[in-house]
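# Understanding the architecture of this molecule
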Amino acid sequence: MSTAPSTTAEEATQPDTPASSPRRWAPLRPLILRLHFYAGVLVAPFLLVAAATGFLYAGAFQAEKIVYSHELTVPVGDEKLPISEQVAAARKAHPEGTVSAVRPSPEDDATTRVMLSGVKGVDADHTLAVFVDPYTAEVRGALEQYGSTGALPLRTWIDEFHRDLHLGENGRLYSELAASWLWVIAGGGLVLWFSRRRALRRVRGTTGRRRTLGLHGTVGVWAAVGFVFLSATGLTWSAYAGANIDELRTSLGQATPSVSASAGGDHGGHGGAAGTGGSGEHGVGLDKVLAAARAEGLGDPVEIVPPADASSAYVVRQVQRSWPTKQDSVAIDPSTGEVADVLRFDDYPVLAKLTRWGIDLHTGVLFGLVNQIALMLLALSLIVLIVWGYRMWWQRGRGSAFGRPVPRGAWQQVPPQILVPLVAVVAVVGYFVPLLGISLAAFIVVDGVLGEMAHRRGKRTPAEVNQSRG
């Protein structure tokens, strides 16, 4: 939530906690203040980049519709052509590569997408999407596409910038570090805000640092739930914490299932491999496969994935992630056109459903434009909080040293019966969220070394001396 200290050190040590807070928890406040201060100061640059790029990504959905309107939309005609004819037109214009998937026109004014993999000059993780008029089979263009949401070049560039700064796997560490700390900073800010006397929370009639603090805290409190949500959902597909989450879900039997791509019909298989034929036509063909999927109740939008090899089936799956979610899928035997396996979204485990909804809400697709506006407001709130946080840091040191830090020794005031369980919880969380644990450990080591150096040089402040004695 917040990204810099929310009180001065003097305020932290004053007994101004509300009566509703147990006195035994009061010593935690200086410790939380110090953590909140340093985490905010050091992690804020990463959060600032994540917030700015997240803001751009949320707006990219609408920008994409404008920039690529020629490829995405067509005049409404009388009757749509068979999907096989549309794919044939795409292959005639673009014979390179292999048909990896087909997304029939989901709306009257929308084009059909034919995705080609293995195209020279296209990233291996991307496909070339060929856009076909479903009424005339006119090819209206071809664009590189990424991901299950069908991101086109503009949104793909912003997405990759938000995720890894275009630095590949190593760049993902920045976003995971930001997500790992965001919920900690938000939670710490909430504790600090509500542990202050009500009179100190006022904004109206205040000036200087008090006013900045009031604005910082008020906006942070309103946005805190959103920040915690973004942090939690962001970690679900991060490199290290995400792997731990997936392992935990699997051990609990809550992994996301997938329809079998073999003729047997066991949900243990994985559908979704690239087709072996240049046109995507196998056995009974795309038209009968689509008709069989429609008969099973799979309405638009859907994606048809050709068989991976001679022993595999077609996979047809719904790809609507907006509310209500449509994620049913079927496997269809290419030799007979019969349904070999069916997987309904209603049959997903609870955690699999929550993960799906959480990711879609995080990326702005679950509730469409409303979702995207809410994400943009959250991103703006985080940017403003960071600016106010650094401003408070500046105002704290005015008249002496720039940005005076919170004194050390706060942990020594915490009773052992609270400190020991707290350390245990932090260790467990740090294990499952490695970048949080590693960076926190690094901060403690560096802070301890600096404290020892200051002690030896006799440069500790009076506040630090008093706290160390306490």
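Since this is a predicted model, take the numbers as computed values, not measurements.

Geometry of an aromatic ring pair is reported as the spacing of the ring centres plus the angle between the planes. With the rule as written, the count across this model stands at 11 aromatic pairs. Summarising the aromatic geometry, the rings of Tyr-38 and Phe-443 are spaced 5.3 Å apart at their centres and angled 40° between planes, so their arrangement reads as tilted. Of this pair, Tyr-38 sits in helix H2 (residues 28–67) while Phe-443 sits in helix H13 (residues 434–457), placing them 405 residues apart in sequence. Residues Trp-157 and Phe-161 carry aromatic rings whose centres are separated by 5.4 Å and whose planes lie at 45° to one another, so their mutual orientation is tilted. Separated by 4 residues within a single helix, Trp-157 and Phe-161 lie in helix H5 (residues 153–164), roughly one turn from each other. Taking the relative accessible area as the measure of exposure, Phe-161 reaches 26% and is therefore partly exposed. Here the aromatic cluster, defined as three or more aromatic residues joined through ring pairs, consists of Phe-37, Tyr-38, Tyr-390, Trp-393 and Phe-443.

Where H2 contacts H5, the two axes come as close as 8 Å, and the packing angle between them is 170°. Put simply, H2 runs roughly antiparallel to H5. Packed against H2, whose contacting residues are Ala-50, Thr-53, Gly-54, Leu-56, Tyr-57, Ala-60, Phe-61, Ala-63, Glu-64 and Val-67, the element H5 presents Leu-154, Arg-155, Ile-158, Asp-159, Phe-161 and His-162 at the interface. Classifying every residue of the contact of H2 with H5 by side-chain character gives 10 nonpolar, 3 polar and 3 charged.

Taken from the UniProt record, the annotation "transmembrane region" (unreviewed entry) applies to residues 37–58, 173–194, 215–240, 365–390 and 418–446. Annotated as 85% helix and 0% strand, the span residues 215–240 places its first and last C-alpha atoms 35 Å apart.

Another aspect to go through is unusual backbone geometry. With an omega of -5°, the peptide bond running from Asp-300 to Pro-301 counts as cis. With an omega of 0°, the peptide bond between Trp-323 and Pro-324 qualifies as cis. Residue position: Pro-324 is located in the loop between strand E6 (314–318) and strand E7 (329–332). The residue Ala-137 is not glycine, and still its phi comes out positive at about 65°. Take Ala-137: it is sitting in the loop between strand E3 (127–132) and strand E4 (139–145).

Right, let's talk about the pattern of salt bridges for a bit. This structure, assessed with the given rule, holds 12 salt bridges. One salt bridge connects Glu-138 with Arg-140, and the closest N-O pair in it is separated by 3.8 Å. For Glu-138, a relative accessible area of 38% translates into the label partly exposed. Asp-360 is paired through a salt bridge with Arg-356; the nearest N and O atoms lie 3.0 Å apart.

This brings us to the nonpolar core. The biggest cluster of nonpolar side chains holds 30 residues, and the ones touching the most others in it are Leu-47, Trp-181, Leu-182, Ile-185, Phe-227 and Leu-382. Elements with a minimum of two residues in this core: H2, helix H6 (172–194), helix H7 (208–236), helix H11 (368–397) and H13. Element by element, the count of residues in this core is highest for H6, at 9 residues.

Right, let's get into H5. The terminal C-alpha atoms of H5 lie 16 Å apart, and with 12 residues this matches the ideal 16 Å at 1.5 Å per residue to within 8%. Among the residues of H5, those classed as buried are Arg-155, Thr-156, Ile-158, Asp-159, Glu-160, Arg-163 and Asp-164. Buried residues along H5 sit in contact with H2 and H6. Looking at the residues trailing H5, positive phi occurs at Leu-165, about 60°.

This paragraph deals with helix H8 (residues 241–251). The complete set of buried residues in H8 reads Ala-241, Gly-242, Asn-244 and Arg-249. The buried residues of H8 occupy an angular sector of 160° when the element is viewed end-on, so they sit on one face. What points out from H8, more than 90 degrees from its buried face, is the exposed set Glu-247, Thr-250 and Ser-251. On its buried face, H8 is in contact with H6, H7, helix H10 (350–363), helix H12 (416–432) and H13. In the stretch just after H8, Gly-253 is the one whose phi turns positive, near 70°.

Bringing the pairing of strand E5 (residues 302–305) into the picture now. For a regular strand, side chains alternate in direction, first toward one face of the sheet and then toward the other. Residue alternation in E5 divides its side chains into two sets, Val-302 and Ile-304 and Glu-303 and Val-305, and both sets are buried. Inspection of the sheet shows E5 paired to E6 by 4 bridges, in the antiparallel sense. Bridge pairing in E6 places Val-305 opposite Val-315.

Inspection of the secondary structure assignment puts Thr-363 in helix H10. For Thr-363, a relative accessible area of 15% gives the class buried. Contacts of Thr-363, omitting those with residues within four sequence positions, involve Tyr-57, Phe-61, Trp-237 and Leu-375.

Further remarks concern the packing of H7 against H10. Relative orientation of the contacting elements H7 and H10 amounts to 115°, with a least axis distance of 9 Å. In this view, H7 runs roughly perpendicular relative to H10, as classed from their interaxial angle. The handedness of the crossing between H7 and H10 is left-handed. Residue-level inspection shows Phe-229, Leu-230, Thr-233, Gly-234 and Thr-236 of H7 in contact with H10, the latter providing Gly-358, Ile-359, Leu-361 and His-362. Each residue belonging to the contact of H7 with H10 can be placed in one class, and the counts come to 4 nonpolar, 5 polar and no charged.

What counts and what doesn't
Residues numbered from 1 in each chain as written. Predicted model: local features only at pLDDT ≥ 70, side-chain atom pairs only at ≥ 80, totals over all residues. Heavy atoms only, no water. Phe/Tyr/Trp six-rings, centres within 6.5 Å; stacked < 30°, edge-to-face > 60°. Helix = DSSP H or I, 4+ residues; strand = E, 2+ residues; numbered from the N terminus. Buried < 20%, exposed > 50% of the residue type's maximum accessible area, 1.4 Å probe, protein only. Axes fitted to C-alpha atoms, helices over the stretch in contact; angles between N-to-C directions. Parallel < 35°, antiparallel > 145°, perpendicular 65-115°, else oblique. Contact = heavy atoms within 4.5 Å. Nonpolar A, V, L, I, M, F, W, Y, C, P; charged D, E, K, R; others polar. UniProt positions renumbered as here; feature names shortened; annotations may be inferred. Salt bridge = Lys/Arg side-chain N within 4 Å of Asp/Glu carboxyl O. Core = buried A, V, L, I, M, F, W, Y, C linked by side-chain atoms within 4.5 Å. Expected span 1.5 Å × (residues − 1). Arc of directions from axis to C-beta. Pairing = 2+ DSSP bridges. Left-handed = near helix turned anticlockwise from the far one by under 90°.

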